Amino acid sequence: MTSPTTEYAPSRRIGLYEPIHQIGLWEGAFDSTIIPGSSVSIITGTEAKLEDKIQKRLAQNREAARKSRMRKKAYVQQLETERLKLAQLELELERARQHGLFIATAAAHTGAHGTVNSGVSAFDMEYGHWVDVQEAKISELKNHVQSGISDTELRLMVESILNHYCDLFRMKREAARFDAFYVVSGMWRTSVERFFLWIGGFRPSEIVTVVKPHLGPLREDQVTSVESLRHSCTQAEEALSQGLDKLQQTLAQSLAFLASGAGSYSCQTAEALDKLESLENFVHRADHLREQTLIQMSRILTTHQAAKGLIAFGDYFHRMRALSALWTARCPRETD
């Protein structure tokens, strides 16, 4: 019996072998043509260029944003400067208007020969100059406080401003000799300042009220002294106000008595004039209280606190004058 012959099927084994063999050939080809790590170098170089481009763009954006902020800041500063110039111009217009009112009022203060009261006229001009110097001194004091000068130099500036206030009280005392009514009326001040007027000036207790919030923390003894000063000022103000009210009442009674025709007209008129002369004394006493309050306040505080207080008090009246100018500008103009 002849056994069947087993045939070799090379095609099946080749079919299994060839793909693996081809892969090996491909690997060999790649191994022979590609340098190890070269693909990573290409990717890394591309990323570096992209990162550099991003950083340049970010730097450009930051620079553009910085320039934009600078332009905005300059624009805001320009607007603020223009606003201050406008307020200053309006303040000057208000002063001019007040000077015009003074000229009209001064016509009523003529002597026997029809001349304008020289004392009142001189005071009006001196006060305008006093305000200009006061604002310059306050501005200079602000700069010195910010620059951090020595206490000795700062004390000299504080004393200079206090002396400047004393000059104002001296000017008012001289003007009251010519016409106490003009000083008490406050026609030489702006309309908003006149609204807060007390016997021809500010209330002494107003110094403590305005200054205290700007002083910072005070020692316990300073707090006690400041409150004691405020209390003393309030009591003195009430006493002077009551005295002025009494003067008005007695003067009104004298005028009523004259109107009735009773008694000697010349004697009653002389008595009424004597009572009016006491108004000058009220102006002196009120200004003396203002002066002493400023001096006592500066003694209670340290040099830097006193400087800050004077700055706050000066700015307080500057805002009053600016507000008065704005109020005058918004008021309807008279039409022909």
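Everything below is about the structure printed above this text.
Residues numbered from 1 in each chain as written. Predicted model: local features only at pLDDT ≥ 70, side-chain atom pairs only at ≥ 80, totals over all residues. Heavy atoms only, no water.

Trainee: Any details on the layout of surface pockets? Residues and values, ideally.
Mentor: Here the idea is plain: a probe the size of a water molecule rolls over the atoms and shows the empty space left. In this structure, the largest pocket occupies an estimated 350 Å³ of space. As for the largest pocket, its lining consists of 24 residues, and the residues nearest its centre are Glu 135, Ile 138, Gly 314, His 318 and Arg 321. Secondary structure elements with two or more residues in the lining of the largest pocket: α3 (118–147), α4 (151–185), α8 (265–300) and α9 (303–330). Tallying contributions element by element places α3 first for the lining of the largest pocket, with 8 residues. (1 Å grid on protein atoms, 1.4 Å probe; cavity = no way out; pocket = protein on both sides within 12 Å on 5 of 7 lines; lining within 4 Å. Points joined across faces, edges and corners; volume = space filled by probe spheres on them. Helix = DSSP H or I, 4+ residues; strand = E, 2+ residues; numbered from the N terminus.)

Trainee: Outline empty space enclosed by the protein, listing residues and values.
Mentor: One pass over the structure, following the stated rule, counts 2 cavities of 30 Å³ or more. Within this model, the largest cavity holds a volume of roughly 100 Å³. Lining the largest cavity are Val 158, Leu 162, Ile 207, Val 211, Leu 294, Met 297, Ser 298, Leu 301, Ala 306, Gly 309, Leu 310 and Phe 313. Of all elements in the fold, only α4, α6 (204–211), α8 and α9 reach the threshold of two or more residues within the lining of the largest cavity. For the lining of the largest cavity, the element with the most residues is α9, which contributes 4 residues.

Trainee: Any details on α6? Residues and values, ideally.
Mentor: Two residues of an α-helix separated by three or four positions point the same way, owing to the 3.6 residues in each turn. Within α6, 7 of the 8 residues are buried, which leaves the element mostly enclosed by the surrounding structure. Among all positions in α6, only Pro 204, Ser 205, Glu 206, Ile 207, Val 208, Val 210 and Val 211 are buried. (Buried < 20%, exposed > 50% of the residue type's maximum accessible area, 1.4 Å probe, protein only.)

Trainee: Break down the packing of aromatic side chains for me, with residues and values.
Mentor: One pass over the structure, following the stated rule, counts 12 aromatic pairs. Consider the rings of Phe 123 and Trp 188, whose centres lie 5.2 Å apart with planes at 80°: the pair is edge-to-face. With Phe 123 in helix α3 and Trp 188 in the loop between α4 and α5 (191–195), this residue pair connects regions lying 65 residues apart in the sequence. Using a relative accessible area of 1% as the deciding quantity, one classes Phe 123 as buried. Seen from their ring centres, Phe 202 and Phe 317 are 5.7 Å apart, and the 50° between their planes marks the pair as tilted. Of this pair, Phe 202 sits in the loop between α5 and α6 while Phe 317 sits in helix α9, placing them 115 residues apart in sequence. (Phe/Tyr/Trp six-rings, centres within 6.5 Å; stacked < 30°, edge-to-face > 60°.)

Trainee: Run through the packing of α6 against α9, naming residues and quoting values.
Mentor: With their axes 9 Å apart at the nearest point, α6 and α9 run at an angle of 105° to one another. Relative to α9, α6 is oriented roughly perpendicular. Together, Glu 206, Ile 207, Val 210 and Val 211 of α6 and Gly 309, Ala 312, Phe 313, Tyr 316 and Met 320 of α9 make up the contact between the two elements. For the contact of α6 with α9, the residue count by class is 7 nonpolar, 1 polar and 1 charged. (Axes fitted to C-alpha atoms, helices over the stretch in contact; angles between N-to-C directions. Parallel < 35°, antiparallel > 145°, perpendicular 65-115°, else oblique. Contact = heavy atoms within 4.5 Å. Nonpolar A, V, L, I, M, F, W, Y, C, P; charged D, E, K, R; others polar.)

Trainee: So what's going on with the side chain of Thr 293? Which residues, and what values?
Mentor: As for its placement among the helices and strands, Thr 293 is situated in helix α8. Sequence-distant contacts of Thr 293, defined by excluding residues within four places in its chain, comprise Pro 204, Ile 207, Leu 229 and Cys 233.

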